[in-house]
Amino acid sequence: MLLDQNSRSAVFIDGAHLAHASKAIDLQVDFKKLRDFLVRQTRLMQLTYYIALPDDTHEAPIHRLVDWLDYNGYKIVRKRLKVVDSEDGPRFKGGNLSTSIAVDLLSAGPRIDQVLIFSGDGSLSAAIKALQAKGTRVSVVSTFKGGQQIADGLRRSADRCFELDDIREEIARDASLIEQHV
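Residues numbered from 1 in each chain as written. Predicted model: local features only at pLDDT ≥ 70, side-chain atom pairs only at ≥ 80, totals over all residues. Heavy atoms only, no water.

1. Some details on unusual backbone geometry
The line we're drawing: Exposed residues in this analysis have more than 50% of their type's maximum accessible area, buried residues have under 20%, and partly exposed residues fall in between, with area computed by a 1.4 Å probe over protein chains only.
Phi angles above zero are rare outside glycine, and Asp 26 is one such case at about 55°. Look at Asp 26 and you get exposed, because its relative accessible area is 68%.

This is the structure in structure tokens:
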């Protein structure tokens, strides 16, 4: 059980981290299943998805995903992904999503009993410790497989850490649907 069923909970998803962690364990997340799983787990007060996008993604699959999330119970926090030209070609520089996540964590604190964070970013450790000092329980979901996906400081500061692969059956896209899109 990721969350206490009787507690008021908020879930914060670092979209880029979830994408990388999912890829590391060959998991395609079904975001409807993820939302429904979280709703069954607890009294879900907030479900926020953070993503950095370049301006020219209106036709990209990621834009369709973000639109679907926005219409289906996820609060979307978008940052502009900056493209910097270099000698090696265009490079992407993300908007600082960890700052947005940390601010939202601290803002949600008084209204909730527990937080679940899908991230591996160690810079969230200070915000986690501040929440814990006020009595909020903090859990992190990431993967320990496929290379280092979670910062050691984040693991140490969270009350509990969960392996993303352990909830695969609950949140994975149906294999027959994946095959149809290939």
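On we go.
2. Concerning the layout of surface pockets
Put simply, the rule is: Of the grid points, spaced at 1 Å and generated over the protein atoms alone, those admitting a 1.4 Å probe that cannot get out make up cavities, while open sets with protein on both sides within 12 Å along at least five of seven lines make up pockets; any residue with an atom within 4 Å of a point is treated as lining. Grid points are joined across faces, edges and corners, and a volume is the space filled by probe spheres set on the points. Put simply, DSSP H or I for four residues or longer makes a helix, DSSP E for two residues or longer makes a strand, and each gets a number counted from the N terminus. Under the scheme applied here, ten amino acids are nonpolar (Ala, Val, Leu, Ile, Met, Phe, Trp, Tyr, Cys and Pro), four are charged (Asp, Glu, Lys and Arg), and all others, including Gly, are polar.
Of the pockets and cavities examined, the largest pocket occupies roughly 820 Å³. Val 29, Phe 31, Ile 62, Leu 65 and Arg 173 are, among the 27 residues lining the largest pocket, the residues nearest its centre. Listed by contribution, the elements that provide at least two residues to the lining of the largest pocket are α1 (15-24), α2 (31-41), β2 (43-53), α3 (61-71) and α8 (175-181). Top element by residues in the lining of the largest pocket is α1. It accounts for seven residues. Of the residues assigned to the lining of the largest pocket, the class counts are 17 nonpolar, five polar and five charged.

3. What to know about the confidence of the model for the chain
Low pLDDT means the predicted atomic positions in that stretch should not be read closely. Defined as follows: pLDDT is a per-residue confidence score from the predictor, ranging from 0 to 100. In what follows, a contact means two residues having at least one pair of non-hydrogen atoms within 4.5 Å.
Taken over all residues, the pLDDT of the chain has a mean of 87, while the share at 70 or more is 88%. Here α8 is the element of the chain with the lowest mean pLDDT, 52, and strand β1 (residues 8-14) is the one with the highest, 97. Low pLDDT (under 50) marks residues 178-182, which in the prediction has three contacts with non-local residues, meaning those over four places away or in another chain.

4. With respect to the pattern of salt bridges
Defined as follows: Between Lys or Arg on one side and Asp or Glu on the other, a salt bridge is scored when a side-chain nitrogen of the former is within 4 Å of a carboxyl oxygen of the latter.
Applying the stated criterion to the full structure yields nine salt bridges. We note a salt bridge from Arg 40 to Glu 170, for which the minimum N-O separation is 3.1 Å. With Arg 40 in helix α2 and Glu 170 in helix α7 (residues 168-171), this residue pair connects regions lying 130 residues apart in the sequence. Arg 40 gets classed as exposed once you look at its relative accessible area, which sits at 51%. Ionic contacts of the salt-bridge type, sharing partners, join the residues Lys 32, Arg 35 and Asp 36 into one network.

5. Some details on the packing of aromatic side chains
Note the cut-off: Side-chain rings of Phe, Tyr and Trp, where Trp is taken by its six-membered ring, are said to pair if the distance between their centres is within 6.5 Å; with planes under 30 degrees apart they count as stacked, over 60 as edge-to-face, and otherwise as tilted.
Applying the stated rule across the entire model yields three aromatic pairs. Aromatic pair Phe 31 and Tyr 74: ring centres 6.2 Å apart, planes at 80°, arrangement edge-to-face. A residue pair is termed long-range when its members are at least 10 positions apart, and Phe 31 in helix α2 and Tyr 74 in the loop between α3 and β3 (75-80) qualify at 43 residues. When sorted by exposure, Phe 31 lands in the same class as Tyr 74, which is buried. In this structure an aromatic cluster arises from ring pairing among Phe 31, Tyr 49 and Tyr 74.

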